[in-house]
Amino acid sequence: MITGKQRSYLRKIAQQEEPLVYIGKNDLTETVIREIDNLLTSRELVKVKIQETSTLDAKPTANEVAEMLGAEYVQAIGRRFILYRQAPEKENRKIVLPR
């Protein structure tokens, strides 16, 4: 579980990033879940955008994906959401969270 200070730090980092995953009219497919999982493993922080053609809402979708992948929900604004999952190996960690 991340703290409010850590969540704020992650939002600051993600603000400058473009979405890496787009969810389209097929909604949450196995391929989309797999791609988010791979990105969380390699990058730790992922921004996702839900396209206008999708019927999904950002916050419930973010919480569902976070639960499925063992990630942390960081933020949802409009049709975008941010997820974080710390890399399991210390040498692969790119983000150092404040205490």
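Residues numbered from 1 in each chain as written. Predicted model: local features only at pLDDT ≥ 70, side-chain atom pairs only at ≥ 80, totals over all residues. Heavy atoms only, no water.

### Description of the pattern of salt bridges
Logical step 1: If you walk through the whole model with that rule in mind, you get four salt bridges.
Logical step 2: Between Arg43 and Glu17 there is a salt bridge, with the nearest N and O atoms lying 3.4 Å from each other. Here the residue Arg43 occupies a position in helix H2 (residues 30-43), and Glu17 occupies one in the loop between helix H1 (4-15) and strand E1 (21-23), the gap between them amounting to 26 residues.
Logical step 3: On the accessibility criterion, Arg43 (35% relative accessible area) is partly exposed.
Logical step 4: Residue class for Glu17 comes out partly exposed when judged on its relative accessible area of 34%.
Logical step 5: A salt bridge links Arg34 to Glu30; the shortest N-O distance between them is 3.2 Å. In this pair, Arg34 and Glu30 both sit in helix H2, four residues apart, roughly one turn of the helix. (Salt bridge = Lys/Arg side-chain N within 4 Å of Asp/Glu carboxyl O. Helix = DSSP H or I, 4+ residues; strand = E, 2+ residues; numbered from the N terminus. Buried < 20%, exposed > 50% of the residue type's maximum accessible area, 1.4 Å probe, protein only.)

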